[in-house]
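Summary of structural features
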Amino acid sequence: MDTNVLVRYLVKDDPQQSAAASALFASFSPESPGYLSVPVVVETFWVLRRVYKVSHIKIADVLIDLASSEELVVEHSDIVRQAARQAAEGSDFADALIALNGRERGCDYTATFDSQAAHLQGMKLLS
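First, a word on what this report is: a plain description of the structure on this page. Only a predicted model underlies this, so the values are computations on that prediction, with no experimental measurement involved. (Residues numbered from 1 in each chain as written. Predicted model: local features only at pLDDT ≥ 70, side-chain atom pairs only at ≥ 80, totals over all residues. Heavy atoms only, no water.)

Bringing the nonpolar core into the picture now. In this structure, Leu36, Leu63, Leu66 and Phe93 are the most contacted members of the largest nonpolar core, which totals 31 residues. Elements supplying a minimum of two residues to this core: helix 3 (38-50), helix 4 (56-68), strand 2 (72-74), helix 5 (77-88) and helix 6 (93-104). Looking at this core element by element, the count peaks at seven residues for helix 4. Among residues more than four places away in sequence, those in contact with leucine 66 are Leu6, Phe25, Leu36, Leu72 and Val74. (Core = buried A, V, L, I, M, F, W, Y, C linked by side-chain atoms within 4.5 Å. Buried < 20%, exposed > 50% of the residue type's maximum accessible area, 1.4 Å probe, protein only. Helix = DSSP H or I, 4+ residues; strand = E, 2+ residues; numbered from the N terminus. Contact = heavy atoms within 4.5 Å.)

In this section: the environment of methionine 1. By secondary structure assignment, the location of methionine 1 is in the segment before helix 1 (3-11). With a relative accessible area of 25%, methionine 1 lands in the partly exposed category. Residues methionine 1 and alanine 21, 20 residues apart in the sequence, show an inter-C-alpha distance of 9.5 Å. Ignoring anything within four residues of it in the chain, the contact list for methionine 1 reads Leu6, Phe25, Phe28, Tyr35, Leu36, Val40 and Leu72.

All right, on to the layout of surface pockets then. Gaps left between atoms show up when a probe the size of a water molecule is rolled over them. Considered as a void within the structure, the largest pocket measures approximately 240 Å³ in volume. Considering the residues around the largest pocket, the lining is formed by Val42, Phe45, Trp46, Arg49, Arg50, His56, Ala87, Gly90, Ser91, Asp92, Phe93 and Ala94. Elements supplying a minimum of two residues to the lining of the largest pocket: helix 3 and helix 6. Here the residues of the lining of the largest pocket sort into six nonpolar, three polar and three charged. (1 Å grid on protein atoms, 1.4 Å probe; cavity = no way out; pocket = protein on both sides within 12 Å on 5 of 7 lines; lining within 4 Å. Points joined across faces, edges and corners; volume = space filled by probe spheres on them. Nonpolar A, V, L, I, M, F, W, Y, C, P; charged D, E, K, R; others polar.)

Bringing helix 1 into the picture now. For helix 1, the full list of buried residues reads Thr3, Leu6, Val7 and Arg8. At its buried positions, helix 1 is contacted by helix 2 (15-27), strand 1 (34-36), helix 3 and helix 4. Backbone nitrogen of asparagine 4 and a side-chain oxygen of the N-cap are separated by 3.1 Å at the start of helix 1; the cap is aspartate 2. Following helix 1 by one or two positions, lysine 12 adopts a phi angle in the positive range, close to 50°. (Polar contact = N/O pair within 3.5 Å; in protein donor to acceptor, adjacent residues only side chain to side chain.)

Further remarks concern unusual backbone geometry. Positive phi, normally seen in glycine, also occurs at lysine 12, with a value near 50°. Even without being glycine, histidine 76 reaches a positive phi, approximately 55°. Counting through the fold element by element, histidine 76 comes out in the loop between strand 2 and helix 5. In this structure histidine 76 comes out as partly exposed when scored by relative accessible area, which is 34%.

With that settled, consider the packing of aromatic side chains. What the rule picks out here adds up to three aromatic pairs. With 3.6 Å between their ring centres and 5° between their planes, tyrosine 9 and phenylalanine 25 make a pair best called stacked. Here tyrosine 9, found in helix 1, pairs with phenylalanine 25, found in helix 2; they are 16 residues apart in sequence, far enough to count as distant. Residue tyrosine 9 is classed as partly exposed on the basis of its relative accessible area of 25%. When its relative accessible area of 12% is taken as the criterion, phenylalanine 25 is described as buried. Among the aromatic residues, ring-to-ring pairing joins Tyr9, Phe25 and Phe28 into one connected group. Here the guanidinium or amino end of lysine 12 rests over the ring plane of tyrosine 9, the centre of that ring lying 4.4 Å away. The ring of tyrosine 109 is capped by lysine 124, whose NZ or CZ atom sits 4.7 Å from the centre of that ring. (Phe/Tyr/Trp six-rings, centres within 6.5 Å; stacked < 30°, edge-to-face > 60°. Lys NZ or Arg CZ within 6 Å of the ring centre and 35° of its normal.)

Shown next as structure tokens:
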């Protein structure tokens, strides 16, 4: 599914689209799960934070729940859960996801010009 479907399911701000998204989620099962890609997860975090002003702690809880669901396959679910936990502690979710993904793939570090991101394990400030 794409970001719009997931956001409608979570925020329920459009009666028709939210009902359709809820029906889709109700159709998922462990035998026939839905799928969330990493880009959808990142976009959802951004939309919930910037557009709907949901706290990073609440969004992190939602993402952890989604990534732990038996009715959904979340791409790189372990990394998504770890990044969500870091976001709940104040890190930028996307930066945490990038750093964790690089480490998972065996990179010594991920180069960045972002001084905030450079504080994350696995990131190195490029100067």
